[in-house]
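# Coordinate analysis (summary)
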Amino acid sequence: MTDQALSDRGELRTEHLLLRPFELADVGDVFEYAADTEWAKYLDKVPQPFTRRDAEVRVARNVLESWI
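In this report, the structure presented in the accompanying data block is examined. (Residues numbered from 1 in each chain as written. Predicted model: local features only at pLDDT ≥ 70, side-chain atom pairs only at ≥ 80, totals over all residues. Heavy atoms only, no water.)

## Considering the pattern of salt bridges
Inspection of every chain in the model, using the stated rule, returns 4 salt bridges. In this structure, the salt-bridge partner of Glu11 is Arg13, at a minimum N-O distance of 3.5 Å. Look at Glu11 and you get buried, because its relative accessible area is 10%. Judged by its relative accessible area of 47%, Arg13 falls in the partly exposed class. For Lys41, the salt bridge identified is with Glu38, shortest N-O distance 3.1 Å. (Salt bridge = Lys/Arg side-chain N within 4 Å of Asp/Glu carboxyl O. Buried < 20%, exposed > 50% of the residue type's maximum accessible area, 1.4 Å probe, protein only.)

This is the structure:
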């Protein structure tokens, strides 16, 4: 990993990947993938059915927690 790949915001960026802290605007994306039962069946901590409120809570918790 180069010094430029890890930004001051704690983002890890490569040509094909961006890892970054959650943002409140991510609720729709989290809801979309976590509500997919084919994806969620492999993760026991994802409640099913997964609601938009579940996504809001999950993102809010992640926004408040430091991941760095």
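Continuing now.
## Concerning the nonpolar core
One finds Val27, Val30, Ala34, Ala40, Val46, Phe50, Ala55 and Val59 forming the largest nonpolar core, which totals 8 residues. Among the secondary structure elements, those contributing two or more residues to this core are α1 (27-34) and α3 (52-64). Looking at which element gives the most residues to this core, the answer is α1, with 3 residues. Leave out the neighbours within four places in its chain, and Val30 touches Phe22, Phe50, Ala55, Arg58 and Val59. (Core = buried A, V, L, I, M, F, W, Y, C linked by side-chain atoms within 4.5 Å. Helix = DSSP H or I, 4+ residues; strand = E, 2+ residues; numbered from the N terminus. Contact = heavy atoms within 4.5 Å.)

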